[in-house]
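# Coordinates in review
Here is how the chains run, residue by residue.
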Amino acid sequence: MGRLAKLREHMSERKIDGMLVLQPENRRYLSGFSGSSAALLLTLAEAYLFTDFRYVEQATSQASDFTVIKHAPQMWDTVTEYVAKIPRLGFEPDFVTYEQYQLLYNKFKSTSLVPMGNAIEDLRRVKDEAELTKLQQAADLADEAFHHILTYIMPGMTERQIALELEFFMRREGASGASFDFIVASGPRSSLPHGVASERLVSNGEFITMDFGCIVDGYCSDITRTVILGEPSEQQREIYNLVLKAQLAALAGIKPGVTGMAVDSIARDIITAGGYADNFGHGLGHGVGLAIHEAPRLNPSGDTLLQAGMVVTDEPGIYLPSWGGVRIEDTVVVTSTGCRALTKSPKELIIL
Ligand SMILES: [Mn+2]
């Protein structure tokens, strides 16, 4: 069943006559339209895409299942004409603004506005073959960039230089952009789980954690590797190997029918047994697709049952304030029996 058919089925179950879609990834997922400005209105029989002059031609070629309508200078003036005929209108509660809600509410006293939860995000969790191909391409570019950066990193360069080189490499090889602000965190900064690349100079004896990825045809990649400049200390080796053990154990536990929370606890139990329970303060992983962070979540409250076709990360870490930290992350696709890694870069401690 196609994406629109699945959403319409869900709408019918909830007695929704129309669904307004504004969130950019949801919009792209349903219509194929990749531009920055449009609204979708899906009814049980029709599919409309409202956009402005800049995007009419692009939308017509990308969103072939939709009737493309060039809207009035104020988009809502046109959208509301169509909404007027809809008794129960579904909307995206975590995206529609208060102002938009008030506008629809005041204009249509006879239309019930129904928050649709994560209806479209839930459809997006399981990827089809075409999506998996793009996710694999994005992951391949990230792997190639990692391979390249190993030959590039030298003591005395800044974290930003490293981040920029990763991005240049992937864009030169065909990525349309970076999938997020890269984390390049060296030395004591590597204890910052989200230490965006800074002007700090990397030097010998330090971990460098690099968390990066790119976008191919709208789909994101996400990988983290921690390398060391010069020989590691015993404690550095011990912590690295503990994170790796947790990462591999969780990878072996990813399969259909288990919850995100169960997979999270596989890694968390190993890190806890090693004495670092308080130093792994984030969830184990998240879904990856059109968005870099999407459903399902692999964390202590992740109750989604994994299904074949879901794409998730496995990224445990240990962070010791003012000392440093280690994180190792792969993106994997759940298969019928387990999972298959999309990112394939080596994970034994690399000494530069
Ligand atoms: Mn991640």
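How each quantity is defined
- Residues numbered from 1 in each chain as written.
- Predicted model: local features only at pLDDT ≥ 70, side-chain atom pairs only at ≥ 80, totals over all residues.
- Heavy atoms only, no water.
- Domains from an automatic or database assignment.
- Contact = heavy atoms within 4.5 Å.
- Buried area = accessible area lost by both parts, 1.4 Å probe.
- Salt bridge = Lys/Arg side-chain N within 4 Å of Asp/Glu carboxyl O.
- Polar contact = N/O pair within 3.5 Å; in protein donor to acceptor, adjacent residues only side chain to side chain.
- Helix = DSSP H or I, 4+ residues; strand = E, 2+ residues; numbered from the N terminus.
- Nonpolar A, V, L, I, M, F, W, Y, C, P; charged D, E, K, R; others polar.
- Buried < 20%, exposed > 50% of the residue type's maximum accessible area, 1.4 Å probe, protein only.

## Topic: the domain arrangement of the chain
How big an interface is tends to be reported as the loss of accessible area on association of its parts. We note that the domain assignment places domain 1 (3-124) and domain 2 (129-341) within the chain. Using C-alpha coordinates to define each centre, domain 1 is positioned 35 Å away from domain 2. Across the contact, five residues belong to domain 1 and seven residues belong to domain 2. With both sides pooled, the region where domain 1 packs onto domain 2 buries about 570 Å², and carbon together with sulfur makes up 48% of that total. Counting the surface domain 1 buries against domain 2, the share from its top three residues, Glu 25, Arg 28 and Arg 124, is 67%. For the pair domain 1 and domain 2, the interface holds three salt bridges. For Arg 3, the salt bridge identified is with Glu 131, shortest N-O distance 3.7 Å. Our count for the domain 1 to domain 2 interface comes out at two residue pairs in polar contact (both at pLDDT 80 or more). For the side of domain 1 that touches domain 2, the element with the most residues is helix α2 (residues 24-31), which contributes three residues. Of the residues belonging to the side of domain 1 that touches domain 2, the class tally is one nonpolar, no polar and four charged.

## Concerning the pattern of salt bridges
For the structure shown, the criterion picks out 18 salt bridges. Taking the shortest distance from any N to any O, the salt bridge between Arg 189 and Glu 159 comes out at 2.5 Å. Here the residue Arg 189 occupies a position in the loop between β8 (183-186) and β9 (207-212), and Glu 159 occupies one in helix α8 (residues 159-172), the gap between them amounting to 30 residues. A salt bridge links Asp 330 to Arg 225, with the shortest nitrogen-to-oxygen separation between them at 2.8 Å. Pair noted here: Asp 330 is in strand β18 (residues 330-334) and Arg 225 is in strand β12 (residues 223-228), with a separation of 105 residues, a long-range link. Here Arg 225 falls in the buried class, since its relative accessible area comes to 1%. The network of salt bridges with shared partners includes Arg 3, Asp 128 and Glu 131.

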